[in-house]
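# A structural walkthrough
Next come the chains, spelled out residue by residue.
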Amino acid sequence: GENVEQHPSTLSVQEGDSAVIKCTYSDSASNYFPWYKQELGKGPQLIIDIRSNVGEKKDQRIAVTLNKTAKHFSLHITETQPEDSAVYFCAAKTGANNLFFGTGTRLTVIP
Amino acid sequence: DVKVTQSSRYLVKRTGEKVFLECVQDMDHENMFWYRQDPGLGLRLIYFSYDVKMKEKGDIPEGYSVSREKKERFSLILESASTNQTSMYLCASSFSGQGRGDYGYTFGSGTRLTVV
């Protein structure tokens, strides 16, 4: 089955700096890659996603890049703010229905 | 506009009790999932269901069972709760198939279960 690895497990940045979280996947058939943000005491929320026919997608301060050849994808957050502090999960979908999740990155934005 | 509702936010049960965790979604999703979340281990899939009365084992089904009698409801059952089942439990749902399935999962807020 699919194996998704996520790095780093923790990340601290100064407010205003950029944050980058990286994931690799093993199954070349994976075709959909969402990112989730989980705030304290809440369930994960979808923040951005990318499909295998696209190399990059941007939504305001967040962007995701996908390198299918290398089988990795990354989340980029620019101009970080304290409210960006959360746990972020990447995921990859192989087949029609199931997502495989990374182990999460705890991002702390220091005011 | 809550879309995936888990019946309890916090639950405390005794060892050996039978525990029911309920999840209801109002988005007409075909797929429903139960995960547990533990520090350092990420999200681990317990069971999932692609349709009413259908169920599939995930990565860690031991000690759990599920029930899906209606499309909108997916129940997780701990047959005899043990302390190592103390965890955060997350329910999720999604559309099925290529295309419609490419919108990821919608998660509930989670149930933090403590077994004493």
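Because the structure is a prediction, the values reported are computed rather than measured. Throughout this description, residue numbers start from 1 for each chain and increase along the sequence as written. Key to labels: chains lettered from A, ligands numbered from 1, both in the order written. Whole-chain, interface and lining totals are the exception, using all residues; otherwise, since this is a predicted model, local features are given only for residues with pLDDT of at least 70 and side-chain atom pairs are given and counted only at 80 or more. Heavy atoms throughout the structure, all of them, feed into the side-chain values; hydrogens and water do not.

For the purposes of this analysis, a disulfide is any pair of cysteine sulfur atoms at a distance within 2.5 Å. For the coordinates displayed, the defined rule picks out two disulfides over all chains. In this model, Cys23(A) is linked to Cys90(A) through a disulfide, with the two sulfur atoms separated by 1.9 Å. Taking the sign of the torsion about the S-S bond as the criterion, the disulfide between Cys23(A) and Cys90(A), at about -100°, is left-handed. Placement of Cys23(A) in strand E3 (residues 19-25) and of Cys90(A) in strand E9 (residues 86-94) is noted, with a sequence separation of 67 residues between them. For Cys90(A), a relative accessible area of 0% gives the class buried. The disulfide partner of Cys23(B) is Cys91(B), and the S-S distance across this bridge is 1.9 Å. In this structure the cystine formed by Cys23(B) and Cys91(B) twists about its S-S bond by roughly -75°; its chirality is therefore left-handed. Counting from the N terminus, the helices are DSSP H or I runs at least four residues long and the strands are E runs at least two residues long. Any residue under 20% of the maximum accessible area for its type is buried, any over 50% is exposed, and the rest in between are partly exposed; the area is computed with a 1.4 Å probe on protein chains only.

Residues and elements named next belong to chain A. For Asp84, the location among the structural elements is in the loop between strand E8 (72-77) and E9. A relative accessible area of 7% means that Asp84 is categorised as buried. Pairs of N or O atoms are called polar contacts if they sit within 3.5 Å, as long as, within protein, a hydrogen donor faces a hydrogen acceptor (for residues adjacent in sequence, only side-chain-to-side-chain pairs). Reaching out from Asp84, the side chain makes a polar contact with the side chain of Arg61 at a distance of 2.9 Å.

Moving on to the nonpolar core. In summary, soluble globular proteins display a tendency toward joint burial of nonpolar side chains. If you look at the biggest cluster of nonpolar residues, it comprises 23 residues, and the most contacted ones within it are Trp35(A), Phe73(A) and Leu107(A). Those elements that place two or more of their residues in this core are strand E2 (10-14), E3, strand E4 (32-38), strand E5 (45-51), strand E7 (62-67), E8, E9 and strand E11 (105-110) of chain A. Side-chain atoms within 4.5 Å link the members of a nonpolar core, which is a set of buried Ala, Val, Leu, Ile, Met, Phe, Trp, Tyr and Cys residues.

Moving on: the pairing of strand E8 (residues 73-78) of chain B. All names here are of chain B. Burial runs high along E8: five of the six residues are buried. When DSSP finds two or more bridges between a pair of strands, those strands are recorded as paired. Taken together, the six bridges between strand E3 (residues 19-25) and E8 define a ladder with antiparallel strand orientation. Within the sheet, the bridge partner assigned to Leu21 lies in E8 and is Leu76. Where strand E7 (residues 64-70) lies against E8, five bridges are found, and the strand directions are antiparallel. Along E8, the bridge assignment pairs Ser65 with Ile77. Taking the residues that link successive antiparallel strands as the turn, the E7-E8 hairpin has two residues.

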